[in-house]
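Remarks on the overall topology
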Amino acid sequence: MTGFLRTFPGMLPMQLGVEGELWVFLISCITGGILGLCYQVLRILRVVLPHFRWAVFTEDLLFGLFCGMCYFLLFSYYSLTMRWFIAFGMGAVAIIVHMTAGRLLLKAVRRTDRTLKELLAKTAKRIRRKFV
């Protein structure tokens, strides 16, 4: 038994069968979606709190290493061989999340952030006029 996947008689331990590979592909798609949402959180933090270029580079490097670790854990847990469909599932869903929900969410955050900054600037001007 490999995780929750069954190995059938006559199968080598690294063979998963079609059903097992579909489960692993589904798990890789879910993992890719979660990683895509985590990257959107990083992008939102960059909008709300401006970063230096070296900080953005460091965040992206650490996130890339984290994604590589997730890929390594998935393929090592299920088959001990590198499976390209795991990388494809993770990457494709992360890109889909980035292009759909990520863009909408980032647009809403930028609009809200701009509105709040304008409101705070107007309030600060009013307070300054009263005391100066």
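First things first, this report covers the structure right here in the doc. (Residues numbered from 1 in each chain as written. Predicted model: local features only at pLDDT ≥ 70, side-chain atom pairs only at ≥ 80, totals over all residues. Heavy atoms only, no water.)

1. Considering the overall build of the chain
To keep it simple, the criterion reads: Working definition: helices are DSSP H or I runs of at least four residues, strands are E runs of at least two. Numbering for both runs from the N terminus. Think of it in three bands: residues with accessible area under 20% of the maximum for their type are buried, residues over 50% are exposed, and the middle band is partly exposed, with areas taken using a 1.4 Å probe on protein chains only. A contact between two residues is defined here by any heavy atoms of the two lying within 4.5 Å. Each accessible area is a Shrake-Rupley estimate made with a 1.4 Å probe; only the visible protein chains count as cover when residues are assessed.
Along the chain, the regular secondary structure elements total three helices and zero strands. Written out in order from the N terminus, the α and β elements of the chain read α-α-α. Counting over 132 residues, the chain shows a buried share of 27%. Long-range contacts, defined here as pairs at least 24 residues apart, represent 63% of the contacts in the chain between residues at least 6 apart. By element, 73% of the accessible surface of the chain is carried by carbon and sulfur atoms, the whole surface being about 9,800 Å².

2. Brief notes about a positive patch on the surface
Convention followed: The residues that make up patches have over 30% relative accessible area and no salt bridge, and they are joined within 9 Å when like-charged or within 5 Å when they are Val, Leu, Ile, Met, Phe, Trp or Tyr. By definition, a salt bridge exists where a carboxyl oxygen of Asp or Glu is found within 4 Å of a side-chain nitrogen of Lys or Arg. Neither His nor the chain termini are counted; the positive set is Lys and Arg, and the negative set is Asp and Glu. A single reference atom marks each charge: NZ on Lys, CZ on Arg, CG on Asp, CD on Glu.
Together, Lys122, Lys125, Arg126, Arg128, Arg129 and Lys130 give the surface a local cluster of positive charge. Residue position: Lys125 is located in helix H3 (residues 84–131).

3. Focus on the pattern of salt bridges
Side chains that carry opposite charge are capable of pairing whenever their charged atoms lie near each other. Applying the stated rule across the entire model yields three salt bridges. For Glu59, the salt bridge identified is with Arg46, shortest N-O distance 3.1 Å. With a gap of 13 residues between them, Glu59 in helix H2 (residues 53–78) and Arg46 in helix H1 (residues 17–48) connect regions that are remote in the sequence. Its salt-bridge partner being Asp113, residue Lys117 comes within 3.2 Å of it at the nearest N-O pair. Here the residue Lys117 and the residue Asp113 both occupy positions in helix H3, the gap between them amounting to four residues, near one helical turn. In the salt-bridge network here, residues are joined through shared partners; they are Arg46, Glu59 and Asp60.

4. Re the packing of H1 against H3
Our working definition: Axis definition: a line fit to C-alpha positions, over the contact stretch in the case of helices; interaxial angles, taken between N-to-C directions, run 0 to 180 degrees. By definition in this entry, angles of less than 35 degrees are roughly parallel, angles greater than 145 are roughly antiparallel, angles of 65 to 115 are roughly perpendicular, and the rest are oblique. Throughout, a crossing is termed right-handed when the near helix is turned clockwise from the far one, and left-handed when it is turned anticlockwise from it by less than a right angle. Polar here means any residue outside two lists: the nonpolar Ala, Val, Leu, Ile, Met, Phe, Trp, Tyr, Cys and Pro, and the charged Asp, Glu, Lys and Arg; Gly therefore counts as polar.
The N-to-C vectors of H1 and H3 enclose an angle of 30 degrees; their axes lie 7 Å apart at closest approach. With respect to H3, the element H1 is oriented roughly parallel. Along this stretch, H1 crosses H3, giving a crossing that reads as right-handed. Residues of the contact of H1 with H3, tallied by class, amount to 18 nonpolar, nine polar and four charged.

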